[in-house]
Each structure stands twice: as structure tokens, then as C-alpha cells.
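Here is what each chain is made of, one letter per residue.
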Amino acid sequence: MKFPQFSMLPFLMVVVMLSLSGTTLSHPHWDFLHCLSLRLANYSTISKVIYVQNNPSYSSVLNASIHNTRFSTPATPKPFAIITPLKTSHVRSTLYCSKKHGFQLRIRSGGHDVEGLSYVSEVPFVILDLLNFRAIKVDTKNEVAWVQSGATLGELYYAIAAKTNTLAFPAGMCHTVGAGGHFSGGGYGTLFRKYGLAADNIIDARMIDVNGRILDRKSMGEDVFWAIRGGGGNTFGIVLAWKIKLVPVPAVVTVFTVNKNLEQNATKIFHRWQYIAHKLPDDLFMNVWITKVNSSQVGMKTVQATFRGMLLGGVDELIALIQDKFPELGLAEENCNEMSWIESVLYFGGLPLQSVDILLDKNALPTLSLKAKSDYVKEPIPESGIEGLMSMFLEEEADNAVAMIPAFGGKMDDIPENELPYPHRAGNLFEATYIVQWTKEENAESGKYISWSRRLYSYMTPYVSKSPREAYVNYRDLDLGINNNDYTSYEQASIWGFKYFKNNFKRLVQVKTKVDPMNFFRNEQSIPPLLSPWKKKGN
């Protein structure tokens, strides 16, 4: 029998790949690779799209967008294969073969994943890495853009700024975050008091559902479109691209930084900040970072509260506003800088205020190991509570720790909490994210740093939201609860689900049950479907 020439090439390619990886033809992995190779159908495509463990490029592809080295150790479970699709048909083929041959599919669009859920699994899995889906098309006339999920926020901001200096997008401050994951959890940054979340400004999307259908907003329906804008990634389908609404910004904005340590009344100033910041005009973004720093006394440490912000306007307007509303800060002209919005992205991202080309560099900032936890605060913390928080930052484990505290209010107060899955709207003074970091070489001692973050979280219990104690899904925290590898009940998932989504969790479960009833798209904190009747019967 003479085989068609097109089918022999992928077959032979898979044999070579399997022999390199030490996998025999009877191994179950063979079926997946054979399936995928037949659908990709030519050698040059296979070599650019499929990376198995013994491929020389496997490790570099795996590690390229891991920004939490806590999950890049020899002991970290590795995917059998990494698929880096070049076009939509490759994504559909990966989905088809993963379903057919029983591999869990983890979908990665950047790697800024504080619990590694997009590239780590305890069961056999493959990674669908959207690193090649990074096209951005900016339409300044209609003030919209299409952004593929694999693009970083830095690439998006760069593309906008290349076309205009009076349009922007209200998303996060770290330029290496992947757009797909960021948008799917909500996404906030320096413009969110003026324009809301990134997800609030998404007007269409292109998604592949569990059956391989390519859907847009109209064909997926409003329930699914609602769910993907804040309900978390790797849950409802594979979102390939997002249509976003750009927002106006002035040609000149004003940023500022004021540092106050314990000896400079940082505690009292932060205490006062809590009563003021959320009430300020929505053109003003303000946040506080709490960190350990060197004291003026040689060999001693202190705690510093860094008050930073941005006004969509000039320096004179900013100083007059702060001197009127928050004179305790002592803001002076030397604390301020006027610049363009795109330069403010560099400023808040900790990047040098030089060429904006650095926004395209994924390696511009150091990569560390980290653990993150988050809270929402609805009543001002008393001074005694702040003193205790500050004292915890003097502990040894907090050398590279930070509490990031952005003020809420503004537009966030105007959006109903059921408008999108992200529910943390009116009534919140601020969100507090606690991040502790350590070097990759210290991973053997990671336990002590994680323990510190849990003690800090425990300490904050009296001062934060209750019933539920709310958390932000983009700072995933597996301490809140996890799903089983197979079936997870609504009750079990509710333990973490109501913390992230409050009552919106119920609607998310209903959407999941409708679009992915067999729970193919899943991770340790993905939305589960309701139990199917056949499972209730034990069949």
C-alpha cells in the first residue's frame, strides 16, 4: 500500500521526536503526538510548534515567560510537551488531541502567574503557549484596538503610544504581564479610578470553545462574554484576542513620589491617607508601598511608606489639590514630574525613563521567587493596627517583601459589583497585596518566606473584609482552597470562589456548566461545572 506523501512526513517526525525523548511507540504520549503531527502535517511547522522534553529548546521555551522562579525548580512538574501555535488551526488541533488522548491542557499567555497554574500541573499535561499570538492592531480613529492574548502589556502600551499620545488603556503597571491572563482576571492600574478595570473596557473577543468552535461576542452570547472578562483564565475556553476600548488621556500627566519612614511619621500619614485617598477626584491615582529600607542609623533598618500617584493634569493642579486635601503628605514640586502617559508607564513599572523600547524587553526586570496574598479593606485600619503591620516588615523574612495598596473610589464606585465577575467595587477603601520574594538560590528555604506571608495575612484578619474575606483572582492564592484533579463540588469550590467573586461565583458556575460541562478546561482554581446527572448516579 502506498501512503500519501503528506501523511508520512509527520509520522516520521513523531518517531524521531519520540526516540529522542526515550518514549516507546506503545507509550500513551505517542497517541497525542501522532494525533497532533497528523493535523499539523508538515515538518517545518512541527519543528516550530511542538517541543518535547528532550528537545534542545524545550527548557528555554518553558522558562522564557516564567516570572516566578518558585516554579522553575528541578522538582517542579514539567509538561510532556509545549505547543506554541502559529495560527488558529494549531490551537484547535492541540485542543482536539488533548481531549482525545487525555492530557490536561494548561494555557499560558505571559507567565506572570503567581501560583504557576498556567504551566504546572500534578497530572499529565501539555502547555498551550500563546507566545506567537501577540499581534496588536490599534485604530486611533475609532479609539479601539485588537490585542492577541500572548502580547504583553508593555507591547500593548508601546503600540498605542506609537500611534498617539492622547489615548491609553487602563491596565496593569508591570510591562511583562501577558494580556490574556491579565484581562481574564479583571486587571487594574493607574487609570482604574478614572476608567475602571481592563475588563470593563473590553468590547469583543475571539475565543475557541471546548468543541473547537471559533466564537466572537455575538456567537458566544452575553453570558460567556461576561464570564471571560474577569472569571479567570483556563476556564471557559481559549481566548485568542480581545477588542479593547481605548481611553483619552492628556498629553501631559504628573507623577509623584513621597517617601516617609517610621521616623518621619509614616504610620500617622498612612493612617490619614486611608480617610482621603478614595475620595479624591478620579483623575488622581494614589497608592502606597510598604517596604523595609536602610535607616539613617548605620547598620539599622526601618520601614518606609512610599506614596506614589499620578494626576491626569499638570503639576500646579496636583500640588494645589494635595495641599488642600492631604497637606499631611507634604507634597512639593521637587517630588513631581510632568511627562507623557507612556513615560508614566515606565515610571510606575520601575523602568528607566529613557527609550520606551524597553517596554518590548521581557527581561528588563529581575526574576525572583514569590508568594502573593491579597485583601480588600472597607474601614480605616487604626494606628495600632498599622504599627503592627509595619513591625512585621522589620522581620528577617521581609527583606524583599512589599505591601502594595492602591486607593479605590472614583469609577470603581459607580460600577455595580455584578457588572462583571470582578465584584470588588463600591465600599472598598483600597486593596492590599502582600508579596514576599526571594532568590532562586533560596528556594530550598521557601517555606520560611511563605510562612511569613501567612502570618502577615493572619495578622490582618481583624482589619479586612469579612464574610467572605475577599481576594483578587489575578493574585491567585492556593491557600484559599483548591479543586480536586477530577471532580470538584460546588461546595468545595465555593470556599475560594466566593472570596474572589462573591455572589458572581454562582453565575460563573452556571456559565461553566453550559459551555464546558465535562470540565475539560480546568486548574486548581478554575470554575467547576455543576455535577452532571450521570455523575450523581455514579455511572
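Everything quoted here is computed from the prediction, not taken from an experiment.

(A) Structural view of the overall build of the protein. What the protein contains, in helices and strands, is 18 helices and 18 strands. In terms of C-alpha radius of gyration, the protein reaches 24 Å, essentially the compact-globule figure of 24 Å for 539 residues. A principal-axis box enclosing the C-alpha atoms of the protein has dimensions of 85 × 50 × 50 Å. For the protein, with 539 residues in total, the buried portion stands at 58%. Here the analysis covers contacts within the protein between residues at least 6 apart in sequence; of these, 72% occur between residues at least 24 apart.

(B) Structural context of the state of the cysteines. Under the criterion given, the structure shown has 1 disulfide. One disulfide in the model links Cys35 with Cys97; its S-S distance is 2.0 Å. Measuring handedness by torsion sign, the sulfur bridge of Cys35 and Cys97 sits at about -80 degrees and is left-handed. Note that Cys35 is positioned in helix α2 (residues 28-40) and Cys97 in helix α5 (residues 88-101), a separation of 62 residues in sequence. Summarising the burial analysis for this pair, Cys35 and Cys97 share the class buried.

(C) Representation of the packing of aromatic side chains within the structure. Counted under the stated rule, the structure contains 29 aromatic pairs. The ring of Trp226 has Arg507 sitting right over it, with the charged end atom 4.0 Å from the ring centre.

(D) Broad picture of the sheet that holds strand β10 (residues 238-245). One open sheet accounts for 5 strands, arranged β5-β6-β10-β8-β9; its pairing is antiparallel. Strands with a single pairing partner mark the edges of an open sheet, and in this sheet they are β5 (136-139) and β9 (214-215). In this structure, strand β8 (residues 202-208) lies alongside β10, joined through 6 bridges in antiparallel fashion. Paired with Ile202 across the bridge in β10 is Ile244. Contacts from α5 reach β8, β9 and β10, with the element oriented near 55 degrees to β8. Its contacts with the sheet place helix α6 (residues 153-163) against β5, β6 (144-148) and β10, and it is angled at close to 35 degrees to β5.

(E) Representation of the UniProt feature "domain: FAD-binding PCMH-type" (unreviewed entry) in the protein. Mapped onto this numbering, the UniProt entry gives "domain: FAD-binding PCMH-type" (unreviewed entry) at residues 75-249. This span, residues 75-249, is 27% helix and 25% strand, and a straight line between its end C-alpha atoms measures 47 Å.

(F) Local environment of the sheet that holds strand β2 (residues 81-83). Spatial ordering of the open sheet is given by β1-β2-β4-β3, a layout of 4 strands whose pairing is mixed. Each having just a single partner strand, β1 (50-52) and β3 (104-108) make up the two edges of the open sheet. In this sheet, neighbouring strand axes are inclined to one another by 20 degrees on average, regardless of whether the strands run parallel or antiparallel. Pairing between β3 and strand β4 (residues 125-129): 5 bridges, direction parallel. Looking across to β4, one finds that Arg106 is bridged to Ile127.

The rules behind each value
- Residues numbered from 1 in each chain as written.
- Predicted model: local features only at pLDDT ≥ 70, side-chain atom pairs only at ≥ 80, totals over all residues.
- Heavy atoms only, no water.
- Helix = DSSP H or I, 4+ residues; strand = E, 2+ residues; numbered from the N terminus.
- Rg over C-alpha atoms; globule rule 2.2 N^0.38 Å.
- Buried < 20%, exposed > 50% of the residue type's maximum accessible area, 1.4 Å probe, protein only.
- Contact = heavy atoms within 4.5 Å.
- Disulfide = S-S within 2.5 Å.
- Phe/Tyr/Trp six-rings, centres within 6.5 Å; stacked < 30°, edge-to-face > 60°.
- Lys NZ or Arg CZ within 6 Å of the ring centre and 35° of its normal.
- Pairing = 2+ DSSP bridges.
- Axes fitted to C-alpha atoms, helices over the stretch in contact; angles between N-to-C directions.
- UniProt positions renumbered as here; feature names shortened; annotations may be inferred.

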